[in-house]
Every structure is written in structure tokens, then in C-alpha cells.
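Single-letter residue listing:
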Amino acid sequence: MTVRYESEAATGLRTAGHDGVLVATLDRPPANALNRPLLLAMIALFRDRGEGDPPPVVITGAGDRFFCAGGDIKEVDGAAAGPIQQRMRGFHNLLVAMERYRAPVIAAVNGDCVGGGVEYALFADAVLAAPHARFGFPEIRHGLLPADKGIQRLIRLIGMRRARDLLLSGELIGAEEAARWGLVDAIIEPGRLMIEALDRAREAGRRAPVLYAALKHAVNDYDDIEDQQRADVTLAKAASWIDDPVARSLREGWRKQRAPSRSSDGTPPALNTTPDHT
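Cut-off values and rules
- Residues numbered from 1 in each chain as written.
- Predicted model: local features only at pLDDT ≥ 70, side-chain atom pairs only at ≥ 80, totals over all residues.
- Heavy atoms only, no water.
- Helix = DSSP H or I, 4+ residues; strand = E, 2+ residues; numbered from the N terminus.
- Buried < 20%, exposed > 50% of the residue type's maximum accessible area, 1.4 Å probe, protein only.
- Polar contact = N/O pair within 3.5 Å; in protein donor to acceptor, adjacent residues only side chain to side chain.
- Contact = heavy atoms within 4.5 Å.
- Axes fitted to C-alpha atoms, helices over the stretch in contact; angles between N-to-C directions.
- Nonpolar A, V, L, I, M, F, W, Y, C, P; charged D, E, K, R; others polar.

**What to know about the side chain of Arg 153**
With respect to the helices, strands and loops of the structure, Arg 153 is situated in helix α5 (residues 148-158). Under the relative-accessibility criterion, Arg 153 is labelled buried at 9%. From its side chain, Arg 153 meets the backbone oxygen of Leu 122 in a polar contact 3.1 Å long. At 3.4 Å, the side chain of Arg 153 and the side chain of Asn 220 are in polar contact. Apart from the residues within four sequence positions on either side, Arg 153 is in contact with Glu 99, Leu 122, Phe 123 and Asn 220.

Take a look at the structure:
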């Protein structure tokens, strides 16, 4: 297998070519959380690579503990409305770029996948997960909100009732339950996760590109006007919670009580505890 690293580690995004498949790895220890430079790098990847003859892509996270723990809370702590709204618009733009990427995108979820990390994974064409991966939206417990575009994708995939349960409870579910609900397409042992993701991406990439792109467009059913409406809703909601005293107190309380999500011996936390990012 030929591997060629192409990107700068400074952004937290590593890309490598694997026999025609581009692997994009989030690499921001300890939780692969999304900050603004990483968001911009990811948007550029899907927009730039989407031109011409785009390669199949596998998205994953570095290590075995986190796929992506959502947004970097340090960028929210004490931030004014303007920067937070820029951040929310950036995340919306990432989801739009992924949705419109014409070639196959496979998510190899190697660990916890929460908050914005779930939204990121759900805009892949298929989601493969390690057995220990957990999924959920803890934002309601932390004084935050997901992007509206991500919420609508969640509802389309798993239905209103289950989406409501995930969003309003803030609890995490295991990989097996996520598969039953339709968040995950297959559970793969960690040692074979990337192998399987690469095989699926390569196989999908062999199909006629014009037909794959047309079918993907039909399934995603995206629309410029609706996307702008979703962005407007996301920004309006952000304006409502940024200065809300209750939401602010939740963020402050969460910041004070954040602690490592694993014990000193490396064992995972209880299922319905949440990681230290969202």
C-alpha cells in the first residue's frame, strides 16, 4: 500500500493517499475536537478535492479513544457573539461541502463520536464504527446547541422520536444501539476498521462517477435556498443561547467540572457520562 502524507499537522488535519483513496484524519489530542483552523482545513479539503475528478474519502480520528468529540469548548468559553456565530457558520459550511462532495465518503468511527462529531459522521455516505464507539448529543447538558442542518439530517436518518430522545436527553448510546437506530451501517473490530473502510471506499469509487454523483444528489436532495435557511436558523439560535444566563451557567459549570474521561488504568467511562468536549 502506498501512503503519501499531504497536509500540515498544524491544522490538526492529516491527509494521506491510499491506492486512490484519500484518508482524512482528525489529529488534535486529546479529543480530536474541532477548532476554527481545523474546520477551515476540512472545508477546503472537501471543496478543493470536490473539483474535477474527486477521489473517494475515508474520514477518521487519530487514536482509539475519540473519532471526534465535537467543537473545541475553549473557543466558546467567554467568547462574544460574533466569533461564535462565525464558528457556527463554519461548521454549517463544512456539512454543506460534505453533502455536495460527489465521490464516496466513508466514516471510520474509531472512538467516541459526540456533538458535532456525530453531525460530521452523518454526512458521510456510510458509517462504520468500532464496538467501543459511543454516539450522542450532550449539548443540552453543556449550554450549547447543534447545527440545524445536522439536526435535520439526524431526523431524516433515524426518525423524529429517536432524534428527539438523543437531542433532549444528552445521553450517549453504544455502537450496537446506534446501529439498531440507523446511525451506524456496520460494526467492525478495531484492527479491521480502516481496512474495511478503505475497501468500501475503493469499491464505491469504481462505480461510474457521473451516476454515483447523480444518485448521491438525489438522495441528499440538497438545495441552495434551504441551505441558507438552515444557516440562518443556526445563527439565530446561536444568538439566543450565547448570552442566556442559564445556558451560560451550564457552560461555566461544565468547564469547572471537566475531568479526564478515562481512569488512570485506561478503562472507558460509564456509558452515559460525556466527554470533555462537544
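**Some points on the packing of α5 against helix α10 (residues 224-242)**
Two elements in contact, α5 and α10, have axes whose closest approach is 8 Å; the angle formed by their N-to-C orientations is 115°. Along the contact surface, α5 presents Asp 148, Lys 149 and Gln 152, while α10 presents Asp 227, Arg 230, Val 233, Thr 234 and Lys 237. Residue composition of the contact of α5 with α10, grouped by class: 1 nonpolar, 2 polar and 5 charged.

**Things to note about the environment of Asp 224**
Secondary-structure assignment places Asp 224 in helix α10. Residue Asp 224 is classed as exposed on the basis of its relative accessible area, which comes to 57%. As a C-alpha pair, Asp 224 and Val 96 span 128 residues in sequence and 9.5 Å in three-dimensional space. At 2.7 Å, the side chain of Asp 224 and the side chain of Arg 100 are in polar contact.

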